[in-house]
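Listed here are the chains, written in short residue letters.
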Amino acid sequence: MSVGRQVNNMKILSIETSCDETSVAILECFGGFKNPRFNILSNVVLSQIDIHKEFGGVVPNLARREHQKNLVPILTQALNESGMLKNYKFQNLNKSKILTLRVITRRVKNSKKIQKILIREPELLEQVLKFLENYEKPPRRGGVDLISVTRGPGLEPALWVGVNFARALSCAWEIPLLGANHLEGHIYSVLLLQNRVISKSKFLISKQILNPQTEDKSQIQNKIPKIQFPAIALVVSGGHTEIVLMNKWLDYKIIGQTLDDAAGEAFDKAARILGLGYPGGPEISREAEKWKSQIINSKQIQNSNNQNQKIVLPRPMINSKDFNFSFSGLKTAVLYLTQNLKKSGKWSENLIPRIAYEFQEAAVDVLVKKSLKAVEKHNVKTFILCGGVSANKELRYRICDILYKKYAKGFNFLMPELEFSGDNAAMIGAAAYSNYSNLKSKNKLPKIAPFLNADGNLNF
Ligand code: KG4
Ligand code: ZN
């Protein structure tokens, strides 16, 4: 997996707790902020979906509680997977030396400061102190050079746990800490390749998505895409739907956004109306697939149209002159449609795949049309699709197909591997690396355990 030591080689330990995934990753980074490259040493993600499912959405205080409970075990696993977990007890020392070491380390370095940092997270504090008593700081050489953490946007109760945890680690290990933007993380997710399991790699340049090929392990690092500017990123997640223009690295201008619900939120709400589970995106997508395969495999479409039950949902703002979106009306249309069908006695569970299909078509139509318009207007060389909704197969295929057909030559189309489309700490580390490299070139280095504000509404 290693590609050898490179210029600017550094290791970043990153933490993500903005919503209902607790994640810690360790990346080896090189190339500088204009040509960032990453080796993923570990990327441990624990989803809390099973806990929030019964409430039909993420409950912020439950998320906070779960992050507190899980951060230390996940950190331990991430360090272990990257070969950096060293238990004091397992060193090749004689018994007396072990005792001395244990006594020294029991007085965890900066423990008073750590207690202050984690004053609002007592359960986490206890685990952190135990961890620091038992495990050594990552080694000076080849260890962690920087810690990074998502400071927003997201659910503030959840963000604070990650931020305070990161500050505590930074303080104990005396390693600098840099806050990261979750949305920027989603954009950087397209530069992450899961080079541990090459055979399953779905390298995401348009040609290959249409004609998938098996990757050669030695080639994978060379395949990490280069972003050429100007670039447009469509960030579609549970909380955001934004079209972002990038004229250079770390330069973001929002040129379009949702005026009400985010795309992922609309998928979640529509799924709930249809009695499907949470999160709604994958559920809607699965139901839609059922109907799509029926359309392809049988003549049922004709039959159903004959039954005068053609389901049509609106495509809000599809023809508006700007790059903005609105998804709340689409969700309400699903609500009225199901209510009317139920009132008139025409409702049947068999309609769910058809409604899900039409909902997905409507959402994808709008996202594709606005994206293409933005690409055309700004003479773009790279298009980036990212955020949780970028896992949607139909959306991936449709944007890819249209851009590939229109701009086959010299155009980059990038989207994350499915593993990195949802929230994960690896993308946070990737974004942090670029920001760190940029700061470093300006001689402004991050500090140890700086005060860091979690900001639920942080934007670019
Ligand atoms: O980026 P993300 O993991 O978390 C936020 O930052 O919000 O995005 C989560 C959103 C959820 O609304 C979820 O329903 C949606 O991404 N999502 C999908 C799919 N997989 C996840 N939406 C449509 N189709 C999918 N396959
Ligand atoms: Zn996200």
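Refer to the structure above for everything that follows.
So, a few notes on the structure that sits alongside this text. Just so it is clear, the structure is predicted and the values come from calculations on it, not from any experiment. (Residues numbered from 1 in each chain as written. Chains lettered and ligands numbered in written order. Predicted model: local features only at pLDDT ≥ 70, side-chain atom pairs only at ≥ 80, totals over all residues. Heavy atoms only, no water.)

1. Considering the overall build of the protein chain
Summing up its helical and strand segments, the protein chain has 15 helices and 10 strands in all. A buried classification covers 54% of the 460 residues belonging to the protein chain. Intrachain contacts of the protein chain at a sequence separation of at least 6 include 75% that bridge at least 24 residues. Put simply, the protein chain shows about 21000 Å² of open surface, and 50% of that area lies on carbon and sulfur atoms. (Helix = DSSP H or I, 4+ residues; strand = E, 2+ residues; numbered from the N terminus. Buried < 20%, exposed > 50% of the residue type's maximum accessible area, 1.4 Å probe, protein only. Contact = heavy atoms within 4.5 Å. Areas by Shrake-Rupley, 256 points an atom, 1.4 Å probe, with all protein chains shown as cover.)

2. Remarks on the coordination of the zinc ion (ligand 2)
The protein atoms donating to the zinc ion (ligand 2) are His182 (NE2), His186 (NE2) and Asp423 (OD), with metal-donor distances spanning 2.0 to 2.1 Å. Along the chain, the residues that donate to the zinc ion (ligand 2) are spaced as H-x3-H-x236-D. Placement of the pair is His182 and His186 together in helix 7 (residues 182-188), with a separation of four residues, close to one helical turn. Among the residues examined, His186 registers a relative accessible area of 0% and is labelled buried. (Donors = N, O, S within 2.8 Å, 3.2 Å for Na, K, Ca; no water.)

3. What about the layout of surface pockets?
In this model, the largest pocket occupies a volume close to 1300 Å³. Around the largest pocket, the lining is made up of 47 residues, and of these Ser237, Gly238, Asp268, Tyr278 and Pro279 lie nearest the centre. At the level of secondary structure, the elements contributing two or more residues to the lining of the largest pocket comprise helix 7, helix 9 (263-273) and helix 10 (280-297). Here the element with the most residues in the lining of the largest pocket is helix 9; it accounts for six residues. When its residues are assigned to classes, the lining of the largest pocket shows 16 nonpolar, 20 polar and 11 charged. (1 Å grid on protein atoms, 1.4 Å probe; cavity = no way out; pocket = protein on both sides within 12 Å on 5 of 7 lines; lining within 4 Å. Points joined across faces, edges and corners; volume = space filled by probe spheres on them. Nonpolar A, V, L, I, M, F, W, Y, C, P; charged D, E, K, R; others polar.)

4. Here's the deal with the pattern of salt bridges
This structure, assessed with the given rule, holds 20 salt bridges. Note that Glu66 is salt-bridged to Lys69, the shortest N-O span being 3.3 Å. In this pair, Glu66 and Lys69 both sit in helix 2 (residues 60-81), three residues apart, roughly one turn of the helix. Among the ionic pairs, Glu174 bridges to Lys109, the shortest N-O distance being 3.0 Å. With Glu174 in the loop between helix 6 (156-173) and strand 5 (177-181) and Lys109 in the loop between helix 3 (95-106) and helix 4 (111-117), this residue pair connects regions lying 65 residues apart in the sequence. The exposure class assigned to Glu174 is partly exposed, which follows from its relative accessible area of 37%. One network of salt bridges, with partners in common, ties together Arg315, Glu358, Glu361, Asp365 and Arg398. (Salt bridge = Lys/Arg side-chain N within 4 Å of Asp/Glu carboxyl O.)

5. Quick word on the sheet that holds strand 6 (residues 231-236)
Strands belonging to one sheet form pairs held by backbone hydrogen bonds; the direction of such a pair is parallel or antiparallel. Within the open sheet, the five strands sit side by side as 8-7-6-9-10. Their pairing is mixed. Strands with a single pairing partner mark the edges of an open sheet, and in this sheet they are strand 8 (253-257) and strand 10 (412-414). The average angle at which neighbouring strand axes cross in this sheet is 15°, direction not considered. Here strand 9 (residues 382-386) pairs with strand 10 via three bridges, running parallel. Residue pairing for strand 10: Ile384 is matched across the bridge by Leu414. (Pairing = 2+ DSSP bridges. Axes fitted to C-alpha atoms, helices over the stretch in contact; angles between N-to-C directions.)

6. Focus on the site of ligand 1
Close contacts around ligand 1 come from 18 residues, with His186, Gly238, Asp268, Gly281 and Gly388 the closest. Gly239 places a main-chain nitrogen or oxygen 3.5 Å from an oxygen atom of ligand 1. Coverage of ligand 1 by the protein chains reaches 86% of its 550 Å² of free accessible surface. Elements supplying a minimum of two residues to the shell around ligand 1: helix 7, helix 9 and helix 10. (Near = heavy atom within 4 Å. Polar contact = N/O pair within 3.5 Å; in protein donor to acceptor, adjacent residues only side chain to side chain.)

7. What about the sheet that holds strand 3 (residues 37-47)?
Taken in spatial order, the five strands of this open sheet run 3-2-1-4-5, and their pairing is mixed. Across the chains shown, the open sheet's two edge strands, defined by having one partner strand only, are strand 3 and strand 5. On average, each strand axis in the sheet is inclined to that of its neighbour by 20°, with strand direction left out of account. Inspection of the sheet shows strand 2 (residues 21-30) paired to strand 3 by 10 bridges, in the antiparallel sense. Bridge assignment links Thr22 to a residue of strand 3, and that residue is Leu46. The strands touched by helix 6 are strand 1 (10-16), strand 4 (146-152) and strand 5; relative to strand 4, the strand with the most contacts, the crossing angle is about 160°. Contacting strand 1, strand 2, strand 3, strand 4 and strand 5, helix 15 (residues 425-441) runs over the sheet at an angle of about 130° to strand 1.

8. A closer look at the environment of Arg272
Positionally, Arg272 belongs in helix 9. Take Arg272: its relative accessible area is 53%, and that puts it in the exposed class. With 216 residues separating them in the primary sequence, Arg272 and Gly56 have C-alpha atoms 7.2 Å apart.

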